Amino acid sequence: MANTILTAEVIAEQALATLYETIVMANLVHRDYEGEFSRKVGDAITIRRPLTFTAQEYVRANGINVQSGTQTGIPMTLNHFADVSFAVTTEELALKIGDFDETFLTPAMEAIVQKVERDIVAQAYADIVAEVGSATYVAEDTAVANGQYNYRDSRVLIEAGKVLTRKNVPTSQRYVIVGPDIAAAWKAERTWRQADKRGSTEGLTEANLGPRVSGFTPYESTNIPAPKATGSQVVGDPTTEVGIAWHRDALALATRPLPVPQGAKMAAVRSYKGLSVRVVYDYDMDTKEDVVSVDMLYGTKVIDPNRAVLIKGPDKTA
């Protein structure tokens, strides 16, 4: 038996749940949870910089040195406004929430997730300086001898880990995300195929490539830009993908609730663990249709480029 007509509140709650369950990269970066109040695109906010302390040698004669426990702020602009709007009929608005979610909300939230994650990746490409991976293809025997690996060899993560460790980046909460091309090459390696030698084969999500390897939890994403046949890619050679290895506190995502518009037929805003979505349901005079609009206001930022490294290099066939 169908439910009564869905309300904006019910749709917003399901949309947020779908977003939280679907999104991958946003759960692996620094997230700011303060300031749960309405904003608009272009507003500047302050996010919290993660605290760091220095262990010092205690000398009784000198006493203790009290370090500041106050988190400093980092400015961030809410410069991204993702929107998915779709027309619905009265019959479709009378569906059960599960059916409505499967038909409309899941595809809508997947589109928003793709935009959010591509914006995080684009920000990383723009601001991260360090990179690993041979500038020219390195044969396996040469790579082993010199410790210099092609980006299609998962042992390049050893080099990435070395870069981060030399910068005193914590070894916990390190992640790496690559596109389908690099992921396929890594999964073809014997050590990846023999999952029983690497521990559990269960991934945290469908995007997870498996347990930690070389100090990183690996993920695969189609939101890593695909190689282009011609023209220049944002980062690296246009024939290659560019992966990202980072510590959680290198990248940041902040969302803010949008205000409920005046005069809307039905509208609701829902927030959970630093994620926020707004749903507006109204009648469009131009198209003479009922329209459901799902949107999300957010900003992305590289808060510490020293805690991240790009994985790039030429294709083996180049």
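Remember, it's a predicted structure, so these values are computed and weren't measured experimentally.

Visitor: Account for the pairing of strand β2 (residues 44-48), with residues named and values stated.
Guide: Residue alternation in β2 divides its side chains into a buried set, Ile45 and Ile47, and an unburied set, Ala44, Thr46 and Arg48. Bridge count for β2 against strand β3 (residues 73-77) is 5 bridges, and the pairing is antiparallel. Looking at the pairing, Ile45 lines up with Met76 of β3.

Visitor: Would you mind going over the pattern of salt bridges in detail, with residue names and values included?
Guide: Using the criterion set out here, one finds 10 salt bridges in the structure. The partner of Arg270 in a salt bridge is Glu13, with the nearest N and O atoms 3.4 Å apart. Of the two residues, Arg270 sits in strand β10 (residues 266-272) while Glu13 sits in helix α1 (residues 8-22), which places them 257 residues apart along the sequence. Given a relative accessible area of 45%, Glu13 falls into the partly exposed group. For Glu131, the salt bridge is made with Lys312, and the minimal N-O distance between the two is 3.3 Å. Here the residue Glu131 occupies a position in strand β5 (residues 131-132), and Lys312 occupies one in the segment after β13 (308-311), the gap between them amounting to 181 residues. Overall, Lys312 belongs to the buried group, its relative accessible area being 16%. Overlapping salt bridges, with partners in common, bring together Arg39, Lys40 and Asp43 in one network.

Visitor: Could you give me a rundown of unusual backbone geometry, with the residues and numbers involved?
Guide: Unusually for a residue other than glycine, Asn168 sits at a positive phi of about 60°. Counting through the fold element by element, Asn168 comes out in the loop between α4 (156-166) and β6 (174-178). The phi dihedral of Lys273 falls on the positive side, at around 50°, and the residue is not glycine. Along the chain, the position of Lys273 falls in the loop between β10 and β11 (275-284). On the basis of relative accessibility, which here comes to 45%, the residue Lys273 falls in the partly exposed class.

Visitor: Summarise the environment of Val176; cite the residues concerned and give the values.
Guide: Tracing the backbone through its elements, the reader meets Val176 in strand β6. For the pair Val176 and Arg212, spaced 36 residues apart in sequence, the C-alpha to C-alpha distance is 9.7 Å.

Visitor: So what about the side chain of Arg174? Which residues, and what values?
Guide: For Arg174, the position within the fold is in strand β6. Salt bridges are absent for the buried Arg174, whose nearest opposite-charge side chain, Asp249, sits at 11 Å. Polar contacts involving the side chain of Arg174 include one to the main-chain carbonyl oxygen of Val169, which spans 2.8 Å.

Visitor: Please provide a residue-by-residue account of the environment of Asn150, values included.
Guide: Here Asn150 is to be found in the loop between α3 (140-146) and α4. Sequence spacing of Asn150 and Ile311 is 161 residues, and the spatial spacing of their C-alpha atoms is 9.2 Å.

Visitor: Quick rundown of the nonpolar core? Include the residues and the values.
Guide: Counting 52 residues, the largest nonpolar core has Leu19, Phe100, Ile244, Trp246 and Leu251 as its most contacted members. Ranked by residues supplied to this core, first place goes to helix α2 (residues 97-127) with 12 residues. Setting aside its immediate chain neighbours within four residues, Leu19 contacts Met109, Val113, Leu275, Val277 and Met296.

Visitor: Give a description of the sheet that holds β5 that names residues and reports values.
Guide: Two strands in a sheet stick together by hydrogen bonds in their backbones, pointing the same way (parallel) or opposite ways (antiparallel). Read across the sheet, 5 strands follow the order β5-β13-β8-β6-β7 without closing on themselves; strand pairing throughout is mixed. What marks the edges here is a single partner per strand, and that holds for β5 and β7 (217-220). In terms of strand pairing, β6 meets β7 through 4 bridges, oriented parallel. Bridge pairing in β7 links Val176 to Pro218.

What counts, and at which threshold
Residues numbered from 1 in each chain as written. Predicted model: local features only at pLDDT ≥ 70, side-chain atom pairs only at ≥ 80, totals over all residues. Heavy atoms only, no water. Buried < 20%, exposed > 50% of the residue type's maximum accessible area, 1.4 Å probe, protein only. Helix = DSSP H or I, 4+ residues; strand = E, 2+ residues; numbered from the N terminus. Pairing = 2+ DSSP bridges. Salt bridge = Lys/Arg side-chain N within 4 Å of Asp/Glu carboxyl O. Lys, Arg positive; Asp, Glu negative; His and termini not counted. Polar contact = N/O pair within 3.5 Å; in protein donor to acceptor, adjacent residues only side chain to side chain. Core = buried A, V, L, I, M, F, W, Y, C linked by side-chain atoms within 4.5 Å. Contact = heavy atoms within 4.5 Å.

Read these as layout, nothing more, since geometry by itself doesn't imply function.
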